[in-house]
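Tertiary structure, described
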Amino acid sequence: MSDIAARSDPIEVRFRGGGFAPKSHRWVGFAVFVLLIALMEWGTRTGWISALTLPKPSDVLATFRELWDSGLLFKHLGPSLTRLVVGAALGASLGIGVGILIGLFSYVRAGLVPLVAAIFPVPKIALLPLFVIWFGIDEASKYALIAFGTFTPTVVATYGAVDNVDRSLIRMGQSFGLSWLSIVRKIVLPGAMPGILSGLRISLAIAIILLVAAEMLGAEYGIGAYILEAGSLYDLERLFAGVVILSLLGVLVSAAISLIEKRLLGWRS
Amino acid sequence: MDIRLESISHSYGDTEVLRDINLEIPTGRIVCLVGPSGCGKSTLLRFIGGLERPSTGRVLQLGEQPEGCLNPLTYVFQDFALLPWRSVRGNISLVLEDHGIRGARAREITDDVLARTKLGDFAEALPRQLSGGMKQRVAIARALAVNPAVMLMDEPLSALDSQTRELLMDDLIALWTRQPFTAVYVTHNLAEAVRLGHQIIVLSRRPGSIREAVEIDKPLGERGYADPDLESTQRYLWELMREEARAADEELLDV
C-alpha cells in the first residue's frame, strides 16, 4: 500500500450507474387503473365528486352488463368491428404496398412523398361529407374514411422502414447474384418488418379513432353511434361504457400486434 | 480463373482515389492488398466483384470457371452481412435458392461447407446467438457454398478480437491447404497480410497506386504465429507505409 493510502480512511466508491434501463413492471399499470377506479367509486359514493362530473364506476359496469344481457353489445360491436377490419385492412395493405414502392423506386418516391406529406395532416374527419358524396351514406363511406386515415401513417412508416434496411445486406445479396425480386422478398421485406409493424400499431389506433367519426353520420348501430347518442343525451354511464369498449378494443389490437411481432420478429432476441 | 485489372483509375467527384492500377491475380493464390486508410483498397475490391464501376479501366476474368461454380466472384464482408432472421443453414441456403438448388441437394452442400468451417453443430442457430468469430465462419461457409472462382475478402477479420483473429487465420490456412482457393484479401493489418498472402500489394496514399509488390515464398502451412521469418517482411512493409499512414491519419476527411 502506498503512503497516501495509509494516511486517510478509505472511502467506498459510490454507485452511480443506476437508472436509464427500462424494466418491466406489469403490475404497476394494473395498480394505477385499480387505484383510479377505486378513487372514482369512492368520490362519487361520498358525493365528493358530483354525479354530473363523473358516473359511478359500478353504474358503468351495470350499464355494461345490461348491454351484454340485452344482446345490444354485439349488435353495436358487430358493425363496428366489420368497419374497423375492412377499413383498416384496406388502408394498411394499400399503405404498405405504396410505402414499399416509394422505398424501392426513386421516381415513385419523388412523385408520392410530397403528396403523402400534403394529405397526412388533413383531418380526415373534415372529409367525411366528401366521402358521403363520393361513396354514399352507407358502409362504403365509412370504410373509405377509416382506410384513408390508416393509409397515410402506414405509408410513412413503411417507406421509412424500407429506407432503414441494412444496405450491407442488400449489397451482400447483389454480390451473390440474387435476383432483384429475391432481394426484395428475402432481404428488404423481412428487414423492414419491424418498422412496418410498429407503424401499424399507430395506424390501427388511428383507425379506432376514425371509427367513431365514421359512425357520426347515418349509423344506426356501432360503438361510435352508441357513444354519440349517449353523449347527446348526457347519459354519462352509457358514454363511459362505450369509451371503455373502445379502450379495450385498443388494448386488444395492440396485444394482437405484439403477438404478431413475437411470431415474426423472434429473431430480434 | 485469373483476374486481370487493366489501368484502373477512379475519382469521386473531384477527389481522385485510385490511379492507374494494373494487377494480375493468378489462380490458387492469395493476394493481399494493404495500404493506409483511405487509399482505396476496399474500393478496388468492389470493382473486382462488380459492386462498383471504375471511372476508367476494366476488370477481366481470364480462363475457365471451376466446375459447379455458382458465383465466380464472391465476397466475405467485414460486417459478416448475415440475415439476422435466418438460421445459419438458412443464410447459406439463401445463396443457393436463386440457382434452383433446394431440398436434399441444398442440404448436402450446406452440410459440407458447415463441416469444413467446423459449424456442423450450429446449423439451426440464429446469428444473434453466435460470437463474432462464428458469424464470420458462417459468412465464409456461405462463400464456399457457391464454389467461387475468386474470394474477395474485405477486411474479414477486422471486426474480431485478436485471439479470434488468430483462430480464424489458422482456419483459413487449413481451408486453403486442403483445397487451394484464389483470393484477394484487403486488410490494414500487416500481421494478417504476411500470414495469409502469397503476394502483398502495397498501395500508396490517395490517389492510390501500387507502390510495391512483395512476394512471400514460405508455404502457407508452414507459417506460424509470430513467425520470425515473416517478421522482417512485416517490418519492411511497415517502413514502407509508416510515413503515409501518419499523413493519412492527420488528413481532414472533408476534402
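About the cut-offs
- Residues numbered from 1 in each chain as written.
- Chains lettered and ligands numbered in written order.
- Predicted model: local features only at pLDDT ≥ 70, side-chain atom pairs only at ≥ 80, totals over all residues.
- Heavy atoms only, no water.
- Domains from an automatic or database assignment.
- Contact = heavy atoms within 4.5 Å.
- Buried area = accessible area lost by both parts, 1.4 Å probe.
- Salt bridge = Lys/Arg side-chain N within 4 Å of Asp/Glu carboxyl O.
- Polar contact = N/O pair within 3.5 Å; in protein donor to acceptor, adjacent residues only side chain to side chain.
- Nonpolar A, V, L, I, M, F, W, Y, C, P; charged D, E, K, R; others polar.
- Phe/Tyr/Trp six-rings, centres within 6.5 Å; stacked < 30°, edge-to-face > 60°.
- Buried < 20%, exposed > 50% of the residue type's maximum accessible area, 1.4 Å probe, protein only.
- Core = buried A, V, L, I, M, F, W, Y, C linked by side-chain atoms within 4.5 Å.
- Helix = DSSP H or I, 4+ residues; strand = E, 2+ residues; numbered from the N terminus.
- Pairing = 2+ DSSP bridges.
- Axes fitted to C-alpha atoms, helices over the stretch in contact; angles between N-to-C directions.
- Parallel < 35°, antiparallel > 145°, perpendicular 65-115°, else oblique.

This part takes up the domain arrangement of chain B. Residues and elements named next belong to chain B. Domain annotation of chain B identifies domain 1 (2–65 + 151–254) and domain 2 (80–148). Centre-to-centre, using C-alpha coordinates, domain 1 lies 26 Å away from domain 2. Each partner contributes residues to the interface: domain 1 has 12 residues there, and domain 2 has 12 residues. For the pair domain 1 and domain 2, the summed buried area comes to about 990 Å², and 69% of that belongs to carbon and sulfur atoms. Counting the contacts that link domain 1 with domain 2 gives 2 salt bridges. Two residues, K118 and D171, come together in a salt bridge whose shortest N-O distance is 2.9 Å. Between the two partners, domain 1 and domain 2, sit 4 residue pairs in polar contact (both at pLDDT 80 or more). Within the side of domain 1 that touches domain 2, the residues separate by chemical class into 8 nonpolar, 2 polar and 2 charged.

Another aspect to go through is the packing of aromatic side chains. Tallied over the entire structure, the rule returns 9 aromatic pairs over all chains. For the pair W134(A) and F135(A), a centre-to-centre distance of 6.2 Å together with 80° between the ring planes defines the contact as edge-to-face. Its relative accessible area of 57% is what places W134(A) among the exposed residues. Ring centres of Y75(B) and F77(B) lie 5.4 Å apart, and the angle between their planes is 15°; this geometry places the pair in the stacked category. By the burial criterion, Y75(B) is buried, and F77(B) matches it.

This paragraph deals with the nonpolar core. Among the nonpolar cores identified, the biggest contains 132 residues, and L5(B) and I200(B) are the most heavily contacted of them. Per-element tally for this core: the top contributor is helix α9 (residues 180–214) of chain A, with 15 residues. When residues of this core are sorted by domain, at least three fall in each of domain 1 (2–65 + 151–254) and domain 2 (80–148) of chain B. Residue contacts for I200(B): discarding those within four places in its chain leaves C32(B), V34(B), A193(B), V194(B), E212(B), A213(B), V214(B), I216(B) and L237(B).

Right, let's talk about the sheet that holds strand β2 (residues 15–25) of chain B for a bit. Residues and elements named next belong to chain B. Spatially, the 3 strands line up as an open sheet ordered β2-β1-β4, and their pairing is antiparallel. The open sheet is flanked by β2 and β4 (56–62), the only strands paired with a single partner. Averaged over neighbouring strand pairs, the angle between their axes works out to 10° when direction is ignored. Of the strands in this sheet, β1 (2–12), β2 and β4 touch helix α1 (residues 41–48), which is tilted by about 125° from β1.

On to the interface of chain A and chain B. Contact with chain A, which involves 19 residues of that partner, is made by 25 residues of chain B. Interface area for chain A against chain B, summed over the two sides, is near 1800 Å², with a carbon-plus-sulfur share of 66%. Broken down residue by residue, the surface that chain A buries against chain B is led by F176(A), K186(A) and W267(A), which jointly contribute 39%. Along the contact surface separating chain A from chain B lie 2 salt bridges. One salt bridge in this structure joins D98(B) and K186(A), with 3.5 Å as the shortest N-O distance. Taken together, chain A and chain B are joined by 8 residue pairs in polar contact (both at pLDDT 80 or more). Of all elements in the fold, only α8 (167–175) and α9 of chain A reach the threshold of two or more residues within the side of chain A that touches chain B.

Our next topic: the packing of helix α4 (residues 72–104) of chain A against helix α10 (residues 223–232) of chain A. Residue and element names in this part refer to chain A. Remark: α4 packs on α10, axes separated minimally by 7 Å, with the N-to-C direction vectors making an angle of 125°. Comparing their axes, α10 and α4 come out oblique. Listed contacts from α10 to H76, L77 and S80 of α4 are I223, G224 and Y226. In the contact of α4 with α10, the residues fall into 3 nonpolar, 3 polar and no charged.

All names here are of chain B. One non-glycine residue with positive phi stands out, namely S7, at about 30°. Relative to the elements of secondary structure, S7 occurs in strand β1. Classification of S7 by relative accessible area gives partly exposed; the value is 34%. With a phi angle near 70°, F80 is a residue other than glycine that sits in the positive phi range. Within the element layout of this structure, F80 appears in the loop between β5 (73–76) and α2 (88–97).

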